[in-house]
Amino acid sequence: MKRLPMLVLLAVLTLLMPAAWADAPTEPTLISVDKISAGDTAWMLTSTALVLMMSIPGLALFYGGMVRKKNVLATLMQTFAIVCVVTILWWLAGYSLAFTPGSKVLGGFSRALFNGMTYMHDPVNKLSVSHLALTIPETVYAMFQLTFAAITPALICGAFADRMKFSAMLAFMAAWSLLVYAPIAHMVWEPTGWLNIAGVLDYAGGTVVHINAGMAGLASCFVLGKRLGYGREAMPPHNLTLTLIGASLLWVGWFGFNAGSAGAADGRAGLAMLVTQLATATAALGWMFAEWIAKGKPSVLGIASGAVAGLVAITPASGFVGPTPAVIIGLVAGVLCFIAATSLKHALKYDDSLDAFGVHGIGGIIGALLTGVFVSKEISGVDGSVWIQLKGVTLTVAYGFVASFIILKIIDMSIGLRVSEEQEREGLDISLHGESIE
């Protein structure tokens, strides 16, 4: 009987306990609309628009300016079409496979066709939230993650620019989104995922987005082969003004990418924004000075590419490290990605047209490993290690490359991957789309 008052007190405290104290849900769930944070929702809506801007127009212009004039429209078309295709696939099954509980490799189909995603107040005054973002509507979270799923396959296009059939590109990106992107996203970000359980840290997509896309790009280089005249003919960028504008849009949009991955308008979002700026500026300077020393002149293409390398490398670390480590990550990424995009590419004799692997693959690996080096428990509340990060990198590299290689081979044996030599010489704008820039 002496314990009765204490038990009563505990019962009362349990009833009065704030929702945040209770056991967190492990799957999407319904909550009262008054539990939604207006500030968090406003920031996530803004972040979503910023990340979409990274694809169209950001990435489209960044890549479009680097190809030759006869292929610029085809390059812009690829990014635009991929955003459209992935949007529909995300609604059909992609979101459900990536962000609902299931096996350690893949989620289930409970959110296929966005089934169960309640967004109306009436009649019960409740709406659905993801278990990964409890203060914003699930519709906002699903849309935010859609923009990640859309830009990732679009990044791959830089590796095979100037030579893949449009029909084959659509087939590859559709299959890749469901068979490669969704499983890696689930394994890394969903609490039931294999790499998440193992403790792999990826704040905003170093493995899920950049290593994943980089390895698919490398696989496409090997399957498709080199461009006609590669190594013998000059293939200068068509318009570096477009490329620099595209890189600038990527830089601004990346604040939605990294700071938005906080899922809230809070201190961690502010930290992610700050370290993103520091790493990007440092990497841009690192690439610029490395090129200046190696080639005698700093180029516009070099500083723009360096900035993207810094954005890539800080992505997995952005919610886990402080300002000084961010500067170090940026410097390492700028210099090493310059080497990968020049010396490594020529040494291994593959044709990565716009350095998708050299920037995103290598930059993603650098960022993922250095996250393990510099992760701060005081900042993030989590522990990490280089060894655990290496496990995540290894699995993503292996699965991303092998699965992409198989998909590409199947498409090549069925409808064919590469345009004819005549079409390649004429240019993809005219031969595939019947349009050109005069």
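Here's what I pulled together on the structure shown here. Here the structure is a predicted model, which is why all the values come from computation and not from measurement.

Here we take up the nonpolar core. Counting 114 residues, the largest nonpolar core has Phe-62, Phe-172 and Tyr-181 as its most contacted members. By residue number, the principal contributor to this core is helix H5 (residues 166-189), which donates 13 residues. Non-local contacts of Phe-172, meaning those with residues more than four positions away in its chain, are made with Ile-156, Ala-216, Ser-404, Ile-407, Leu-408 and Ile-411.

Attention shifts here to the environment of Ile-184. By the secondary structure assignment, Ile-184 is in helix H5. As for Ile-184 and Leu-228, which are separated by 44 residues in sequence, their C-alpha atoms are 34 Å apart. Apart from the residues within four sequence positions on either side, Ile-184 is in contact with Thr-207, Val-208, Asn-212, Leu-395, Thr-396 and Tyr-399.

Further remarks concern the packing of aromatic side chains. For the structure shown, the criterion picks out 20 aromatic pairs. Here Tyr-95 and Phe-114 contribute two aromatic rings whose centre-to-centre distance is 5.9 Å and whose plane-to-plane angle is 85°, an arrangement assigned as edge-to-face. Placement of Tyr-95 in helix H3 (residues 72-99) and of Phe-114 in the loop between H3 and strand S2 (126-129) is noted, with a sequence separation of 19 residues between them. Phe-114 gets classed as partly exposed once you look at its relative accessible area, which sits at 25%. Here Phe-99 and Trp-189 contribute two aromatic rings whose centre-to-centre distance is 6.3 Å and whose plane-to-plane angle is 15°, an arrangement assigned as stacked. Of this pair, Phe-99 sits in helix H3 while Trp-189 sits in helix H5, and the two are 90 residues apart along the sequence.

Working definition: two side chains of opposite charge can pair if their charged atoms are close together. As enumerated under the stated definition, the model contains nine salt bridges in all. Between Glu-138 and Arg-111 there is a salt bridge, with its nearest N and O atoms 3.0 Å apart. With Glu-138 in helix H4 (residues 138-156) and Arg-111 in the loop between H3 and S2, the pair connects residues that are 27 residues apart, well separated along the chain. Look at Glu-138 and you get buried, because its relative accessible area is 0%. Measuring nitrogen to oxygen at the nearest pair gives 3.0 Å for the salt bridge that ties Glu-424 to Arg-418. If you follow the salt bridges from partner to partner, you end up with Arg-68, Asp-162, Arg-163, Arg-227 and Asp-351 in one network.

Going from Ile-56 to Pro-57, the amide bond is cis rather than trans, its omega being 15°. Phi at Leu-113 is positive, roughly 60°, even though this residue is not glycine. For Leu-113, the position within the fold is in the loop between H3 and S2. Judged by its relative accessible area of 47%, Leu-113 is partly exposed. One non-glycine residue, Phe-114, lies in the positive phi region at around 55°.

Quick notes on the rules
- Residues numbered from 1 in each chain as written.
- Predicted model: local features only at pLDDT ≥ 70, side-chain atom pairs only at ≥ 80, totals over all residues.
- Heavy atoms only, no water.
- Core = buried A, V, L, I, M, F, W, Y, C linked by side-chain atoms within 4.5 Å.
- Buried < 20%, exposed > 50% of the residue type's maximum accessible area, 1.4 Å probe, protein only.
- Helix = DSSP H or I, 4+ residues; strand = E, 2+ residues; numbered from the N terminus.
- Contact = heavy atoms within 4.5 Å.
- Phe/Tyr/Trp six-rings, centres within 6.5 Å; stacked < 30°, edge-to-face > 60°.
- Salt bridge = Lys/Arg side-chain N within 4 Å of Asp/Glu carboxyl O.

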